[in-house]
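Survey of secondary and tertiary structure
What follows is the residue order along each chain.
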Amino acid sequence: MKKNLIPSLIIVIVIFCFLNLFSTEKPDLEMFEGKLKIMGGEWFIISDGDFFQLNLASEEFLKENNIILTSKEQFRAEGVIIEEVINVYRIHYNDSIIELRDISGNPLWQEEKQVGHFHVNPKKCIGCRLCVSVCPTDAISMVHGRAIIDADKCIDCGICENGNGNYKGCPTGAIKKQE
Ligand code: SF4
Ligand code: SF4
């Protein structure tokens, strides 16, 4: 009886691992709405009693798009929350939806390209720019002092997270592959 059980168990485990390999969950953009607050030069949003830091676009981007933010104003944005920081990808402002873009003009959020790619946790990023200089495809840029990875350019080499040569990987462990 035991002899028959072991091969069956092995088959079940192999099938489970195989299915897991192809079942990546798509991260979705979430809508956040609440009152803005600025503290120490950083924007925060108070939403349903919760307090989140916002990883927003650069001042230049906000200016170019005529977005003037003030403390206590109601703010709506779409983003992804990573450890109490909201990475903002779309701002809802004056009846328009403004898509945040990288320096090449590509939207930072491209749904089909989010899974399986590398992302930066803005709360851990100290803006050292080390990852920017090692990325072979120039996929990493700095937005508001923090690194952001352009999924369109990223080839998943993993250098930014794990290192290469003298670079020993992100010093704060801010870069992780989104599974
Ligand atoms: S190496 Fe890490 S801490 Fe430095 S800029 Fe890149 S993500 Fe931020
Ligand atoms: S995984 Fe490679 S290509 Fe993608 S951002 Fe990191 S260093 Fe650049």
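Residues numbered from 1 in each chain as written. Chains lettered and ligands numbered in written order. Predicted model: local features only at pLDDT ≥ 70, side-chain atom pairs only at ≥ 80, totals over all residues.

Observations concerning the pairing of strand β5 (residues 85–93)
As judged from the three bridges shared by strand β3 (residues 50–55) and β5, these two strands associate in the parallel manner. Bridge assignment links Asn55 to a residue of β5, and that residue is Asn87. Relative to β5, strand β4 (residues 74–82) is paired through seven bridges, and the arrangement is antiparallel. Following the sheet pairing, Ile82 is matched in β5 by Val85. In terms of strand pairing, β5 meets strand β6 (residues 96–99) through four bridges, oriented antiparallel. Residue pairing across strands places Tyr93 opposite Ser96, the latter belonging to β6. (Pairing = 2+ DSSP bridges. Helix = DSSP H or I, 4+ residues; strand = E, 2+ residues; numbered from the N terminus.)

Quick look at the site of ligand 2
Around ligand 2 lies a shell of 14 residues, among which Cys135, Cys154, Cys157, Ile159 and Cys160 are the nearest. Taken together, the residues of the shell around ligand 2 sort by class into eleven nonpolar, two polar and one charged. (Near = placed C-beta within 6 Å. Nonpolar A, V, L, I, M, F, W, Y, C, P; charged D, E, K, R; others polar.)

Looking at the nonpolar core
Counting 32 residues, the largest nonpolar core has Val88, Val120, Cys131, Ile140, Ile149, Cys160 and Ile175 as its most contacted members. Going through the elements one at a time, β2 (42–47), β4, β5, β7 (118–120), β8 (140–143) and β9 (146–149) are the ones with two or more residues in this core. If one sorts the elements of this core by residue count, β5 sits on top with five residues. Split by domain, the residues of this core number at least three in each of domain 1 (27–100) and domain 2 (110–179). (Core = buried A, V, L, I, M, F, W, Y, C linked by C-beta atoms within 7 Å. Buried ≥ 20, exposed ≤ 12 C-beta atoms within 10 Å, placed from the backbone. Domains from an automatic or database assignment.)

Describing the environment of Trp109
For Trp109, the location among the structural elements is in the loop between β6 and β7. On a C-alpha basis, the gap between Trp109 and Ala151 in space is 8.1 Å, while along the polypeptide they are 42 residues apart. For Trp109, the residues in contact, after removing those within four places along its chain, are Leu29, Tyr89 and Arg90. (Contact = placed C-beta atoms within 7 Å.)

Things to note about unusual backbone geometry
You will see that Asp95, though not glycine, has its phi angle at about 65°, which is positive. Here Asp95 shows up in the loop between β5 and β6.

Focus: the site of ligand 1
Around ligand 1, 14 residues are found, and the nearest of them are Cys125, Cys128, Cys131, Ala147 and Cys170. Residue composition of the shell around ligand 1, by class: eleven nonpolar, two polar and one charged.

Some details on the environment of Gln53
Along the chain, the position of Gln53 falls in strand β3. On a C-alpha basis, the gap between Gln53 and Lys123 in space is 8.6 Å, while along the polypeptide they are 70 residues apart. Apart from the residues lying within four places of it in its own chain, the contact partners of Gln53 are Glu42, Phe44, Glu84 and Val85.

Read these as layout, nothing more, since geometry by itself doesn't imply function.
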